[in-house]
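Listed below, chain by chain, are the residues.
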Amino acid sequence: MSMRPLLAAALALPLAACAGGVPPVEVTRFHVDNPARSGSIAVEEMPGNPDISLEFRTYAGVVTQEFQRVGFTPASDGAQSDYVALISFNRSFRPSGVDRSSDKPVSVGMSGGIGSGGGRRGGTFGGLGLGVGINLSGKPKDIVTTQMHVQLRRRSDSSAVWEGRASTEARQGTPAAQPVAAAQKLAAALIGGYPGESGRTIMVK
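As the structure is a computational prediction, the values presented were derived from the model and not from experiment.

Trainee: Looking at this structure, how should I read the nonpolar core?
Mentor: Nonpolar side chains in soluble globular proteins tend to end up buried together. Membership of the largest hydrophobic core comes to 29 residues, with the highest contact counts inside it found for V63, F67, F72, M148, V150, L152 and W162. Taken together, the elements giving at least two residues each to this core come down to β1 (25-31), β2 (39-45), α2 (56-69), β4 (83-94), β7 (143-154), β8 (160-171) and α3 (179-191). Once residues within four sequence positions are removed from consideration, V63 is found in contact with V43, I87, M148, A187 and I191.

Structure, rendered in structure tokens:
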């Protein structure tokens, strides 16, 4: 049998795994009957949000860009905007799999045999077998849950016209778990298709 089809199939497995391993985003939106579709907008941090302060500019830029895609205009510096988008962003971690980091890292097994045998000159022979098992599994990476909450309010009377929540999960250390990448994905899933169906939870790939 030719090895070429087998090699092609082997190479396709990691690609298929990667394609299937992209974490989806869970999105829920709520809005009034006829939410705003245009107007100037400014993005601000939601009061009491614990995690976003240090990287607020990055997240604000992502959210502003997505609102711009659906028809809003970023407010000029110092200008009073028609709407304000309040955002919060947080991350949590939970263990995954079985922690094997406390297992003995190395195990050694030895076996041997000695005997005698005849030949032209006679003599003895010996045999020795050595097996080494090493546990390299270590502690499994945590699962990172990243959540974004966006609330759109009318500046004039502070009334809420639209809000949404989005969350996604990824294994710690993967590109999808990085804060900036996760923020971009969450903002695109949440604000894309604005205003969306009110009160319905969907999964966005």
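Trainee: In this structure, what is going on with the packing of aromatic side chains? I would like to understand it.
Mentor: How two aromatic rings sit relative to each other is given by the distance of their centres and the angle of their planes. Per the counting criterion, the structure on display carries seven aromatic pairs. Here the aromatic rings of F67 and Y194 are separated by 6.2 Å at their centres, their planes lie at 70°, and the arrangement is edge-to-face. Placement of the pair is F67 in helix α2 and Y194 in the loop between α3 and β9 (201-204), with a sequence separation of 127 residues. Accessibility classification places F67 together with Y194 in one group, the buried group. Judged by centre distance (5.3 Å) and plane angle (55°), the rings of W162 and Y194 are tilted. Here Y194 lies in the loop between α3 and β9 and W162 lies in strand β8, a separation of 32 residues in the sequence. Of the two residues examined, W162 and Y194, each falls in the buried class. In this structure an aromatic cluster arises from ring pairing among F67, F72, Y83, W162 and Y194.

Trainee: Looking at this model, I keep getting lost on the packing of α2 against α3. Mind explaining?
Mentor: For any two helices packed against each other, the geometry comes down to the angle between their axes and how far apart the axes lie. Across the interface, α2 lies against α3 with an axial gap of 9 Å and an inter-helix angle of 25°. As summarised for this structure, α2 and α3 are arranged roughly parallel, according to the angle between their axes. Here the hand of the crossing between α2 and α3 comes out right-handed. Packed against α2, whose contacting residues are T58, Y59, V62, V63, E66 and F67, the element α3 presents P179, V180, A183, Q184, A187, A188 and I191 at the interface. Among the residues making up the contact of α2 with α3, the classes are represented as ten nonpolar, two polar and one charged.

Cut-offs applied
- Residues numbered from 1 in each chain as written.
- Predicted model: local features only at pLDDT ≥ 70, side-chain atom pairs only at ≥ 80, totals over all residues.
- Heavy atoms only, no water.
- Core = buried A, V, L, I, M, F, W, Y, C linked by side-chain atoms within 4.5 Å.
- Buried < 20%, exposed > 50% of the residue type's maximum accessible area, 1.4 Å probe, protein only.
- Helix = DSSP H or I, 4+ residues; strand = E, 2+ residues; numbered from the N terminus.
- Contact = heavy atoms within 4.5 Å.
- Phe/Tyr/Trp six-rings, centres within 6.5 Å; stacked < 30°, edge-to-face > 60°.
- Axes fitted to C-alpha atoms, helices over the stretch in contact; angles between N-to-C directions.
- Parallel < 35°, antiparallel > 145°, perpendicular 65-115°, else oblique.
- Left-handed = near helix turned anticlockwise from the far one by under 90°.
- Nonpolar A, V, L, I, M, F, W, Y, C, P; charged D, E, K, R; others polar.

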